Amino acid sequence: MSSWFRHPITRRLLLRGSALLGPLSLTATATPALAKTVSTGARPPSDSLGGMTTVGEVDHDRNGFDPHHILTDWDTGAVSRDRFGRTVREFEIVAKDKEIEIAPGVFFPAWTYNGRVPGPTLRVTEGDRVIVRFRNRGSHPHTIHFHGIHSARMDGVPGSGEVAPGGSFVYEFDALPFGCHLYHCHSVPLKRHIHKGLYGAFIIDPDEARHPDTQRAARSRRLGTAENAAWQEFVMVMNGFDTNLDDENEIYAVNTVAHVYAKRPIPIDRKRPVRIYLINVTEFDPLNSFHLHANFFDYYDHGTTLTPTLRIVDTVMQCQAQRGIIEFSYKDHEPGLYMFHAHQTEFVELGWMGFFETKP
Ligand code: CU
Ligand code: CU
C-alpha cells in the first residue's frame, strides 16, 4: 500500500540517499562475474555478491537468533498424554520488546515472541491437544491468534484472549487441520502488531492413521518418521520491515535478516528431496512470492492436502497469511549455487534473495 501522497519521503528516495542507511549497498543488476560464479558452483566473489546484497554482517549473537537455525529449529513442545492416551503438547510463549538488527547496521524496534522474529516454529501432529501458555511482558496488549480450527474463546482477538502487559492467558485447542499454518498477534492496530514481529510458523503434520489411502505421503510429512527423515525440510517466513514509519518496507527478507541466505547459502544434499514450509507475513505489500532458479517444484496450498495443488511451477505468489508447502529436488543437477527469491524484483535488492548450495 503506497503512502506516496501522504508522505513525500518514500523508501525509494531514502535508498537513493544511501547515507541514511549507512552500510547498505544496494544495486539493481547482477554482474556477469556473478553469473559466471553461479554456473561454476564456486562461492560468490565478494562480500556484496557483485553488488547484489547488503555489505557487512549482522550480529546474530546480539539478536539472540540466527536465521540459519530458524530454518530447522522445530519446537515440538513439552509432550505428555491425557487420560484418553492422546498426545498433549505444551508451549511457553512470552511477548517482549526487543531491538533487532535486520540488515548490517540497521536496527528495528521489534515486538517479539520469545525474543525472536519470527517466533518459535511450533510443530505438532494432527489431533494433538495443544496448550500454549502465553505471557505478555511487552509494552502493549497482545494476543496469539492461531490459524487453525478452535473455539471463539481461543481465537486470540481483542475481547477474547487478549493479554494486557504483565498478564497471561492459556490457549488450548486440538491441532486441526493438518497443514502449514501460522500464528500472529491480533491486537489493534493489527498492521502494526503483525509488522512489528509478532508472528511465527505453526505446522501440523498429518497423522497417517487418519489417512489410510495416503499413508505413505502422510508419513513423509510427519516429523520423527523414517520417511520424513529422508527429506530436507526448511521453514521460510517471508517478512518485511518499515524502518521509517512511512507504511512501506525498506527491508525484505526470509526469516528477518536481509540477504542472510545469499551470503551464507543453505547447504543441501542434492540426493535428498527438499521441502519448504513457506509463509507470507509481509505487511504493507499485497503480495509476496517465491521463485526457484533452474528448477521446478510442486506446491500444496496451505499444506492441507497430500497431493499437490500446483504441479511443475517455478513461482508461487502468496497474499499476507497465505502459505504452502514447496517440494523439489536437485538430484539431476550439477553441484552449484542455485538462487531463490521473490519475483517482486524490487524485494530482491532490498533483501529477499538467497542461494541453495548443492553438494556433490
Ligand atoms: Cu500485539
Ligand atoms: Cu491471520
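Just so it is clear, the model here is predicted, and its values are computed rather than measured.

**Quick word on the overall build of the protein chain**
Scanning the protein chain from N- to C-terminus turns up nine helices and 21 strands. Split into buried and exposed, the 360 residues of the protein chain put 55% on the buried side. Taking as baseline every contact in the protein chain between residues at least 6 positions apart, the subset at least 24 positions apart corresponds to 71%. Element-wise, carbon and sulfur atoms account for 57% of the exposed surface of the protein chain, whose accessible area totals about 14800 Å².

**Side note on the coordination of the copper ion (ligand 1)**
For the copper ion (ligand 1), the protein coordination sphere consists of His142 (ND1), Cys185 (SG) and His193 (ND1), at 2.0 Å. All donors of the copper ion (ligand 1) come from a single chain, and their spacing in sequence reads H-x42-C-x7-H. You can see His142 sitting in the loop between β6 (129–136) and β7 (145–146) and its partner Cys185 sitting in the loop between β9 (179–184) and α5 (190–195), a full 43 residues away along the chain. The pair His142 / Cys185 is uniform in exposure class, with both members buried.

**With respect to the pattern of salt bridges**
Evaluation of the coordinates by the stated rule reveals 21 salt bridges. For the salt bridge of Glu208 with Arg219, the shortest nitrogen-to-oxygen distance reads 2.8 Å. Remark: Arg219 occurs in helix α6 (residues 215–221) and Glu208 occurs in the loop between β10 (199–205) and α6; sequence separation between them is 11 residues. Taken together, the shared-partner salt bridges in this structure form one network comprising Asp82, Arg86, Arg129, Glu172 and Asp174.

**Brief notes about the coordination of the copper ion (ligand 2)**
Taken together, the protein donors to the copper ion (ligand 2) comprise His147 (NE2) and His184 (NE2), at separations of 1.9 to 2.0 Å. Taken as a pair, His147 in the loop between β7 and β8 (168–174) and His184 in strand β9 lie far apart in primary sequence, 37 residues in all. Take His147: its relative accessible area is 19%, and that puts it in the buried class. Given a relative accessible area of 6%, His184 falls into the buried group.

**A short note on the confidence of the model for the protein chain**
Predicted coordinates in regions of low pLDDT should not be interpreted in detail. The predicted model of the protein chain has a mean per-residue pLDDT of 90, with 87% of residues at 70 or higher. Confidence drops under pLDDT 50 across residues 1–8; counting only partners more than four residues distant or on other chains, this segment forms 13 contacts. Taken as a whole, residues 14–43 scores under 50 in pLDDT and shows 50 contacts with residues more than four places along the chain or in a different chain.

So, how was this worked out
- Residues numbered from 1 in each chain as written.
- Chains lettered and ligands numbered in written order.
- Predicted model: local features only at pLDDT ≥ 70, side-chain atom pairs only at ≥ 80, totals over all residues.
- Heavy atoms only, no water.
- Helix = DSSP H or I, 4+ residues; strand = E, 2+ residues; numbered from the N terminus.
- Buried < 20%, exposed > 50% of the residue type's maximum accessible area, 1.4 Å probe, protein only.
- Contact = heavy atoms within 4.5 Å.
- Areas by Shrake-Rupley, 256 points an atom, 1.4 Å probe, with all protein chains shown as cover.
- Donors = N, O, S within 2.8 Å, 3.2 Å for Na, K, Ca; no water.
- Salt bridge = Lys/Arg side-chain N within 4 Å of Asp/Glu carboxyl O.
- pLDDT = per-residue confidence, 0-100.

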